[in-house]
Amino acid sequence: MFAYVVKRLLSLIPVLVGISMITFLILRLTPGDPAEAYLRLSQIPPTEAAVAAVREELGLDRPLIVQYGDWLVKALTLDFGKSYATHRPVWDEMMFLLPATVQLAGVSLVFTLVLSIPMGIFSALYKDGWFDNFCRFIAFTSAAMPNFWLGFMLMYFFALKLDLLPTLGRGSWAHFILPALTLSFSYIATYVRLLRTSMLENLEQPFVLYARARGLQESLVIGRHVLKNALLPLVTALGMSIGHLLSGSVIVESVFSWPGIGRFCVSAILNRDYPVVQCFVLMMAVVFVIANLFVDIAYAWLDPRIRLKGESS
């Protein structure tokens, strides 16, 4: 197991270097001059002399490869420069706003698991029944419904019409319900369908027949033999979902005025605040990579065949 983990860690190095290059180059190659964006956000007229001075100050007059090397070295020490808009260190701004985003993503993940696992189990056990059809309707609805539209609808009914929940901002536990439900809705439907399919496949396996033939209770057959194997695809989906919940909060945070890094990033994109956008993209990429690493380790732990295959290759 230790050799498998070390091998997976080493394989992440070229992936992270590639991500850092793409992150840096995409923003440098997009239309617009970072020096002019800096002057505009500083409310300084972008004269030719001012643009040249800022380009020299920010190191934009150097070759691109030198700029990348300098940026990468600083990024390794968590120095992403200063925001053009706030003139504060980008990393400090991110760390100040990150807890709100992590809290929202965490509550959304709890919503997703608590609702989707029982729904997936009962949907498979009562295949083609009314509950299964209801879950199918939820899955189709979530696939066709954008997050921002669902957020506005929930806000309209539960906040404005019924006056049950707050609409905007972050405060008590009640502030979490609408944004977390909006963020988790599509994942709930996906997890339900994924678990239902996996449960149905495992119910047809010979070991289930043998377990029933041995006289085991049905709850034991489902819980110990079927559900344990059926959860493996959910582990894979869970690793991807963690990254998506953090990065996907960009839209939900904007709809509900949630003070997290997602809304901060949207503002940075609109203002062409390059250091903030670079930091956000690289941070989300690292989250995705680390989440997938944990998924691989969990998979190897749950299924020894994967671990042995990875060590021998």
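Treat the numbers as computed from the prediction; the structure is a model and nothing was measured.

## Comments concerning the environment of M95
Part 1: Positionally, M95 belongs in helix 5 (residues 90–125).
Part 2: Between the alpha carbons of M95 and I261 there is a distance of 8.8 Å; along the sequence they are 166 residues apart.

## Concerning the nonpolar core
Part 1: Counting residues in hydrophobic clusters, the biggest one holds 58 residues, and the most contacted among them are F80, M94, I261 and F280.
Part 2: When residues of this core are assigned to domains, at least three map to each of domain 1 (1–77) and domain 2 (98–308).
Part 3: Excluding residues within four positions of it along the chain, I261 makes contact with M94, L97, L98, T101, E253, F280, M283 and M284.
Part 4: Formed by 16 residues, the second largest nonpolar core is a distinct cluster that contains Y191, L203, L234 and A237.

## Considering the UniProt feature "transmembrane region" (unreviewed entry) in the protein chain
Part 1: As recorded in UniProt, the sites labelled "transmembrane region" (unreviewed entry) are residues 9–29, 104–125, 137–160, 172–192, 230–252 and 280–302.
Part 2: The straight-line gap between the two end C-alpha atoms of residues 137–160 is 26 Å; of that span, 92% is helix and 0% is strand.
Part 3: Segment residues 172–192 splits into 90% helix and 0% strand. End C-alpha atoms: 29 Å apart.

## As for the layout of surface pockets
Part 1: Volume-wise, the largest pocket comes out at about 480 Å³.
Part 2: Lining the largest pocket are 22 residues, with L58, K74, F80, G81 and P275 sitting closest to its centre.
Part 3: Mapped by element, the contributors of at least two residues to the lining of the largest pocket are helix 1 (2–29), helix 3 (48–58), helix 4 (64–76) and helix 14 (274–302).
Part 4: Ranked by the residues each element gives to the lining of the largest pocket, the list is headed by helix 4, at four residues.
Part 5: Broken down by class, the residue content of the lining of the largest pocket amounts to nine nonpolar, six polar and seven charged.
Part 6: When we break the lining of the largest pocket down by domain, the ones giving at least three residues each are domain 1 (1–77) and domain 2 (98–308).
Part 7: What the second largest pocket holds in volume is close to 360 Å³.
Part 8: Contributions of two or more residues to the lining of the second largest pocket are made by helix 1, helix 4 and helix 14.
Part 9: Ranked by the residues each element gives to the lining of the second largest pocket, the list is headed by helix 14, at four residues.
Part 10: Grouping the constituent residues of the lining of the second largest pocket by class yields twelve nonpolar, one polar and no charged.

Criteria and cut-off values
- Residues numbered from 1 in each chain as written.
- Predicted model: local features only at pLDDT ≥ 70, side-chain atom pairs only at ≥ 80, totals over all residues.
- Heavy atoms only, no water.
- Helix = DSSP H or I, 4+ residues; strand = E, 2+ residues; numbered from the N terminus.
- Core = buried A, V, L, I, M, F, W, Y, C linked by side-chain atoms within 4.5 Å.
- Buried < 20%, exposed > 50% of the residue type's maximum accessible area, 1.4 Å probe, protein only.
- Domains from an automatic or database assignment.
- Contact = heavy atoms within 4.5 Å.
- UniProt positions renumbered as here; feature names shortened; annotations may be inferred.
- 1 Å grid on protein atoms, 1.4 Å probe; cavity = no way out; pocket = protein on both sides within 12 Å on 5 of 7 lines; lining within 4 Å.
- Points joined across faces, edges and corners; volume = space filled by probe spheres on them.
- Nonpolar A, V, L, I, M, F, W, Y, C, P; charged D, E, K, R; others polar.

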